[in-house]
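Spelled out from the first residue to the last, the chains are:
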Amino acid sequence: MVPAAALAAFGVSAAQPVPLLGGAGGAWRAGDVVLKPADSAPSARWMADLFNTLDGPGFRVPRPVSSTGGDWVAEGWVAWRWLEGAPADWSGISPHWRQLATASRDFHAALAGVPPPPFLGQDGSPWTVADQVAWGERDAADLLRHAGRSLRQQLRSLLGTLRPISQPAQLVHGDLGGNVLFAHSQPPAVIDFAPYWRPPGLAIAVAAVDALLWSNADPAVLGELADVAELDQLLARALVYRLVTEVIIRTDERDSASGALDGVGQKGQPVTDLVLARLAGRPRPAAYLSDRRLAELAGRAIGGTVVELRVVGTAARSDGRAAAVAGTAVAGTAVGHTRAVRRLARLADGRAVFVKAAGPGEDLTAELAAYESIGPAPFMPRVVALSRDPLPLIILEPLPADGWVTRWTANAVADTAELLALVHATKAPAGLPRWADPGAGGNRAWQLIARQPARLLRMHVCTAPWLAQNLAALADAASRARMAGDGLVHGNVHGPNLCYRPDGLVLADWATAAAGNPWFDIHDWLVAMAAEGGPPPEEREGPGAPGHAALIAGSHVMLAPARDSNPALFDLRRQRLAVALAWAARLLGLSPPELA
């Protein structure tokens, strides 16, 4: 919460602050002013001075708000004028991609000639270190030891292809993709400047790598960047930068068993292959499935002819949440955080179906096995066809776009509880994974947080003193959590995976289905629901809630990516962490988490 003294200092005492997504969770809107903690006063003042005079054409920037004392920083906070707009969805070939490339060019043209600030490159943060590795200014050997086999090989291959770049360096925005807002009839707005001293083309190269790594962007978007000098070398450096950042953030001397870096390696491999292929002049790797090939495979599985495929994507809503842009979709596809390929297919006979295939670095075999083993059930979408050869395909009935659970009304809560009762009354098929009790340490999450508190503190949901005081109690509660059981559990119950069809509510996206303790599945839903604006979890909590809440909180810390690599997923994890941590504190009799 913004302190009353800070609101007064910027003249917005009468406004009720509302938390905003993004900005690592520290941004609040009060009237037409956005307030953020000034983590570094010199940096905040420098950026305010810069944006106070920076002008387009071709882009907007927020203007800083001076405090009543005449300073840009007051009470540890800095303020900006609110700008209309929303971030874009970069999946597929985004209609905003060309606008982003143009805005990047115009923004960096305006920055040409601005000298670097004296603090640049001095903070030793994971992002600064990763940038220095990508540009040969820091040795990577020690970091590669922690990277895991797949990531280590990818990074060695990429580093071996780097060649000197002739373009001059200047101030660039190192985190552009998630920090540009688009609004109708207005130029794109560039926010949250992350300054680096590199060639200007690096900014759009990092945005492209982020879109490929985290948003399932089509590699065809790189065709819009043909005018960027030495693009492929910049893409290689951008990819090294992002992968090394993940290594630094996720590495722990005893963390190899967590699988976190293995997951990053899996996601990075197809993008690494793509960049290496471009550098070598080879064709696009086969991991990127074309729509023509997908239509052929889907038609073969269904026994018909696919005449049209449409991308299932997202569109910004006025309330800041996401909604499906297509007329029909399948629950769990409108808001996705994997790179699975999702399409709505129209067949020659007039039928419509939803088609899901593995994207680069993804594996659908677990979800496909869930649909096969659970079989037709009233709580699942109807299966049209399943295929394993030559690659896994899941083809389901399309569900109405207006059926999504986007608001947690009393009816939606009751219907979801009733639906979960049906799910949990079903005996889990033998082939599904089985949840196990975590044992000492709370499934390792709290052990790792104890050794590296920055893992949690980067989420800005509590202060370091609060964490130090309460960490032992949270870890102990998590270690006592009970997850084992024989009931069918879904493992990811939240609004975007729930849809009303005419005959009732169904639950989709069964990739995490398992045999386990139904109460953990319910408590995980309660946390997600509260984070989505629903009622507090206390209203429906059951046996084992203290341990489950602590375990859920720890899991979201470990699963959160770097904020700049995947802002949407970072925000989702942070919101759920905030709910679970506060709930655990109440259940355990701890003081409420103090906001950082």
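This write-up is about the structure you can find in this document. No experiment lies behind these values; they were computed from the predicted model shown.

A separate point is the overall build of the protein chain. Within the protein chain one finds 18 helices and 23 strands. Expected size for 596 residues packed as a compact globule is a radius of gyration near 25 Å; at 24 Å, the protein chain falls within 12% of this value. Along the longest, intermediate and shortest principal axes, the C-alpha atoms of the protein chain span 65 × 60 × 50 Å. Within the protein chain, buried positions represent 54% of all 596 residues. Taking all contacts inside the protein chain whose residues are at least 6 apart in sequence as the whole, residues at least 24 apart take part in 74%. For the protein chain, the computed accessible surface area is about 24300 Å², with 54% contributed by carbon and sulfur atoms.

Glancing now at the pairing of strand S21 (residues 498–501). Pairing analysis gives 4 bridges linking S21 to strand S22 (residues 504–507), with the strands arranged antiparallel. If you follow Arg501 over to S22, its bridge partner there is Gly504. Between S21 and S22, which pair antiparallel and follow one another directly, the connecting turn spans 2 residues.

This next bit is on the packing of aromatic side chains. Applying the stated criterion across every chain, the model contains 13 aromatic pairs. Between the aromatic rings of Tyr196 and Tyr241, the centroid separation amounts to 5.8 Å while the plane-to-plane angle is 75°, which identifies the pairing as edge-to-face. Taken together, the residues Tyr196 in strand S10 (residues 195–198) and Tyr241 in helix H8 (residues 231–250) connect sequence positions 45 residues apart. Per residue, the accessibility class of Tyr196 equals that of Tyr241, and both read buried.

Within this structure, the stated rule accounts for 28 salt bridges. Ionic pairing is found between Arg198 and Asp131, a salt bridge with its closest N-O pair at 2.7 Å. Linking Arg198 in strand S10 with Asp131 in helix H4 (residues 126–134), this pair joins segments that are 67 residues apart in sequence. Owing to a relative accessible area of 7%, Asp131 belongs among the buried residues under this scheme.

This next bit is on helix H10 (residues 291–302). Helical geometry: 3.6 residues make up each α-helical turn, so side chains three or four residues apart lie on a common side. The end-to-end C-alpha separation of H10 is 16 Å, in line with the 16 Å expected for 12 residues at 1.5 Å each. The complete set of buried residues in H10 reads Leu294, Ala295, Leu297, Ala298, Gly299 and Ile302. Each element contacted by the buried residues of H10 is listed here: strand S11 (306–311), strand S15 (341–347), strand S16 (352–357), strand S17 (383–387) and strand S18 (393–396). Just beyond H10, the residue with positive phi is Gly303, at close to 85°.

For the rest of this paragraph, the subject is the packing of helix H15 (residues 464–479) against helix H17 (residues 545–559). Angle between the axes and distance between the axes are the two parameters that describe a pair of packed helices. Where H15 meets H17, the axes come as close as 7 Å, and the angle between the chain directions of the two elements is 110°. Put simply, H15 runs roughly perpendicular to H17. Regarding H15 and H17, the two cross each other, and that crossing is left-handed. Along its contact with H15, which presents Leu474, Ala477 and Ala478, the element H17 presents Pro546, Gly547, Ala550 and Leu551. For the contact of H15 with H17, the class distribution of residues is 6 nonpolar, 1 polar and no charged.

Along the chain, the position of Gln154 falls in helix H6 (residues 149–161). A relative accessible area of 1% means that Gln154 is categorised as buried. A distance of 2.8 Å separates polar atoms of two side chains, one belonging to Gln154 and the other to Thr272. Leave out the neighbours within four places in its chain, and Gln154 touches Leu243, Gly265, Gly268, Gln269 and Thr272.

Counting 79 residues, the largest nonpolar core has Phe51, Trp97, Leu100, Phe107, Phe193 and Leu225 as its most contacted members. Excluding residues within four positions of it along the chain, Trp97 makes contact with Trp90, Ile204, Ala207, Ala208, Ala211, Val221, Glu224 and Leu225. Listed in part, the 41 residues of the second largest apolar core include Ile449, Leu551, Ile552 and Phe570.

Calculation criteria
- For every chain, the first residue of the written sequence is number 1, and numbering continues from 1 along that sequence.
- At least 70 in pLDDT is required for a residue's local features to be given in this predicted model, at least 80 for side-chain atom pairs to be given and counted, and no such filter applies to totals for whole chains, interfaces and linings, which use all residues.
- Excluding hydrogens and water, the side-chain figures rest on all heavy atoms present in the structure.
- The way it works is that DSSP assigns letters per residue, a run of H or I at least four long becomes a helix, a run of E at least two long becomes a strand, and they are numbered from the N terminus.
- C-alpha atoms define the radius of gyration in this analysis, and the globule rule sets the expected value at 2.2 Å times the number of residues to the power 0.38.
- Burial status follows relative accessibility: with a 1.4 Å probe on protein chains alone, a residue under 20% of its type maximum counts as buried, one over 50% as exposed, and anything between as partly exposed.
- Should any heavy atoms of two residues lie within 4.5 Å, those residues are considered in contact.
- The accessible surface values rely on the Shrake-Rupley method and a 1.4 Å probe; as for residues, cover is taken only from the protein chains in view.
- When DSSP locates at least two bridges between a pair of strands, those strands are taken to pair.
- Each Phe, Tyr or Trp ring (for Trp, its six-membered ring) is paired with any other whose centre lies within 6.5 Å, and the angle between the two planes then decides the class: stacked below 30 degrees, edge-to-face above 60, tilted in between.
- Should a side-chain nitrogen of Lys or Arg be within 4 Å of a carboxyl oxygen of Asp or Glu, the pair is scored as a salt bridge.
- Helices are assigned an expected span. That span is 1.5 Å times one less than the residue count.
- Axes here refer to lines fitted to C-alpha atoms; in helices the fit is confined to the stretch in contact. Angles between the N-to-C directions go from 0 to 180 degrees.
- Oblique is the label for every angle not falling under 35 degrees (roughly parallel), over 145 degrees (roughly antiparallel), or within 65 to 115 degrees (roughly perpendicular).
- Each crossing gets its handedness from the near helix: less than a right angle anticlockwise from the far helix is left-handed, clockwise is right-handed.
- Each residue gets one label: Ala, Val, Leu, Ile, Met, Phe, Trp, Tyr, Cys and Pro are nonpolar, Asp, Glu, Lys and Arg are charged, and the others, such as Gly, are polar.
- Polar contact is the term for a pair of N or O atoms within 3.5 Å; when the atoms are in protein, one must be able to donate a hydrogen and the other to accept it, and sequence-neighboring residues count only if both atoms are side-chain atoms.
- To form a nonpolar core, buried Ala, Val, Leu, Ile, Met, Phe, Trp, Tyr and Cys residues must be joined to one another through side-chain atoms within 4.5 Å.

By themselves, these are just geometric observations and shouldn't be taken as functional.
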